[in-house]
Amino acid sequence: MGIRTLIGMLVAAVAVIAAMATQEAYRLFLPGLLQGAVLTIEIAILGSLLAIVMGVFAALARLYGPAPVRWLATVYVEIFRGTSALVQLFWLFFVLPQFGVSLDAFLVAVVALGLNVGAYGSEVVRGAILSVARGQWEACTALNMSRAQMLRRIILPQAFVAMIPPWGNLFIELLKSTALVSLITLSDLAFKAQQMNQNTFKTIPIFTLVLLMYLAMSLVLTIGMRLLERRASLGLARGRAG
Amino acid sequence: MTEQPMVRFENVSKRYGALTVLDGLNLDIARGEKVSIIGPSGSGKTTVLRMLMTLETINDGVIWVEGEPLTHMKKNGTLVPADLAHIRKIRAKIGMVFQSFNLFPHMTAMQNCIEAPITVLGMKRTDAEARAAELLDMVGLSQKKDHYPSQLSGGQQQRVAIARACAMRPKIMLFDEVTSALDPELVGEVLEVIRKLGREHDLTMLMVTHQMGFAKEFSDRVCFFHAGKICEQGPPNELFGAPKNERTRQFLHAVLEAG
């Protein structure tokens, strides 16, 4: 899908939200929902940053770490991929305090979602590194580079381009998963919507607004990733397209 | 006392599972010698270069470079498999040019040539650029220094790859079928650069090639590989002019027929 279509959709979504806001029945809910949306965005951004860090480290650890590190990274990836994000949130928030470790709900949200998506991300990073042509590694060896030099200067810059689209998917997954944090006492967008719905029973306006807000957020993300991809592949294949 | 060989393969074997690619190879290459390796595909000739570049491990034997073990290191008077630090120390003397060029696609010709001198040798950028400019000039590509590999022809890419390898100042250069991926009309420009390199630089060269004419004219010695062994070797005039071995005769006959 072209980037113009995406921008068109975003403009449409925002326009519909704005149009709804002119109606008294809808305007009522907007401040509360926007407040929730801010929390959602905060968790999504911090969680994504943690996911990138975890993904890169776990991938490098699994590929090049000494045996214990490799083992640890594999355990991490399999635990966080193999159990549901909801259970991870509950475990960190309700079970950990039983062992004397109480974490703030916001911190739990960022950590759980970041670790969860990071586990998937590590496979994305690992796959992208392995997809770089073997000849590139061999050229680095022939130039006597160390493994760190190869990765940093030659392999990762090429792998980066291949990573962008799958990371885009993961970020959107993470954004949508933030709705789960309403179950550990956080007042995110989904929580606000449920709360308002319980108080007013105005189901249609509330959930229509919420739907459009999530869509708008994920469209912003998709457009951002598309622009990044375009820039990065331009750097890799300068001149190929003339 | 004879001079130390630049490279010595001592009883080197390479196996992939049950398949023996090289079987007890013994080969000495003198300083400054130009050696061509010819032979049918699957004879193990490329493996010789790849083992010397440490792109392949070996199963038996020892490879020596200037009297020092490459694949092994000395520990308490015996040879043990080398660690990476030792390999990197010895490997610094060797450079390689590949069949498929393997230039870094996200870097210009100039950047390709200064990358390793800066990151590996720790050269200053200005010094590295000066050296790279000289080498790009030698391969006739000063004009193209700011071009990316995708903007260059195959022959030009291979010439950049030769400049890149030379920028590390190796003593030994390995050429692995460097013209095999090129269109026929581009082969000449690359061979011309290799000739020039042989004349102007004090390099030991080891090349796997299908260019029999070039091997004959350029090398001091030609080795014919068959089934993981050196079947016959000698000065090009003898090996091409009067091959002693039946297999060599068959191979040369087949190749020259096709050429």
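Residues numbered from 1 in each chain as written. Chains lettered and ligands numbered in written order. Predicted model: local features only at pLDDT ≥ 70, side-chain atom pairs only at ≥ 80, totals over all residues. Heavy atoms only, no water.

Q: Tell me about the overall build of chain B, and name the residues and values.
A: When helices and strands are counted, chain B shows nine helices and 12 strands. For chain B, the C-alpha radius of gyration of 19 Å lies close to 18 Å, the compact-globule estimate for 259 residues. Overall size of chain B, expressed as C-alpha extent along the three principal axes, is 55 × 50 × 40 Å. Here chain B holds 259 residues, and 54% of them are scored as buried. The long-range fraction of contacts in chain B, counting pairs at least 24 apart against all pairs at least 6 apart in sequence, stands at 63%. Carbon and sulfur atoms make up 49% of the accessible area of chain B, which totals about 11500 Å². Between the averaged position of the 31 positive side-chain charges in chain B and that of its 30 negative side-chain charges there is a distance of 4 Å. (Helix = DSSP H or I, 4+ residues; strand = E, 2+ residues; numbered from the N terminus. Rg over C-alpha atoms; globule rule 2.2 N^0.38 Å. Buried < 20%, exposed > 50% of the residue type's maximum accessible area, 1.4 Å probe, protein only. Contact = heavy atoms within 4.5 Å. Areas by Shrake-Rupley, 256 points an atom, 1.4 Å probe, with all protein chains shown as cover. Lys, Arg positive; Asp, Glu negative; His and termini not counted. Charge placed at Lys NZ, Arg CZ, Asp CG, Glu CD.)

Q: Tell me about the confidence of the model for chain B, and please be specific about residues and values.
A: Caution applies to low-pLDDT parts of the model: their predicted coordinates are not meant to be read in detail. Looking at chain B as a whole, the pLDDT averages 94, with 98% of positions reaching at least 70. Between the elements of chain B, mean pLDDT differs from a low of 88, seen in helix H9 (residues 246-258) of chain B, to a high of 98, seen in strand E8 (residues 94-97) of chain B. (pLDDT = per-residue confidence, 0-100.)

Q: Pulling in residues and values, what's your account of the side chain of Ser182(A)?
A: Residue and element names in this part refer to chain A. With respect to the secondary-structure elements, Ser 182 resides in the loop between helix H8 (147-177) and helix H9 (189-200). Ser 182 sits in the buried class, given a relative accessible area of 8%. With residues near it in sequence (within four places) discarded, Ser 182 still touches Asp 188, Ala 190, Phe 191 and Gln 194.

Q: A description of the UniProt feature "transmembrane region" (unreviewed entry) in chain A should follow, citing residues and the corresponding values.
A: Residues and elements named next belong to chain A. According to UniProt, the feature "transmembrane region" (unreviewed entry) maps to residues 37-61, 73-93, 99-120, 154-172 and 206-228 in the numbering used here. Segment residues 99-120 splits into 73% helix and 0% strand. End C-alpha atoms: 28 Å apart. Structurally, residues 154-172 is divided into 100% helix and 0% strand, and its ends, taken at the C-alpha atoms, are 29 Å apart. (UniProt positions renumbered as here; feature names shortened; annotations may be inferred.)

Q: Account for the nonpolar core, with residues named and values stated.
A: Core analysis: the largest hydrophobic core is formed by 98 residues, its most contacted members being Leu33(A), Trp167(A), Phe9(B), Leu52(B) and Leu174(B). Leu52(B) has contacts with Val7(B), Phe9(B), Ile63(B), Val65(B), Leu70(B), Ile94(B), Leu174(B) and Leu206(B), leaving out every residue within four places of it along the chain. In this structure, Phe101(B), Leu103(B), Leu141(B) and Val178(B) belong to the second largest nonpolar core, which totals 39 residues. (Core = buried A, V, L, I, M, F, W, Y, C linked by side-chain atoms within 4.5 Å.)

Q: So what's going on with a nonpolar patch on the surface? Which residues, and what values?
A: Residues and elements named next belong to chain A. Taken together, the side chains of Ile 41, Ile 45, Leu 46, Leu 49 and Ile 52 make up a nonpolar region of the molecular surface, amounting to roughly 410 Å² of accessible area. The topology assignment puts Ile 52 in helix H3 (residues 30-64). Classification of Ile 52 as partly exposed rests on a relative accessible area of 34%. (Patch = residues over 30% accessible without salt bridge, like charges linked within 9 Å, V, L, I, M, F, W, Y side chains within 5 Å. Salt bridge = Lys/Arg side-chain N within 4 Å of Asp/Glu carboxyl O.)

Q: Can you break down the pattern of salt bridges residue by residue, with the values?
A: Counted by the stated rule, this structure contains 25 salt bridges over all chains. For Glu138(A), the salt bridge identified is with Arg50(B), shortest N-O distance 2.7 Å. Of the two residues, Glu138(A) is situated in helix H7 (residues 134-142) and Arg50(B) in helix H1 (residues 45-52); the pairing between them involves two chains. Relative accessible area serves as the criterion here: at 10%, Glu138(A) is assigned to the buried category. Where Glu33(B) meets Arg221(B), a salt bridge forms, and the shortest distance between an N and an O atom there is 2.9 Å.

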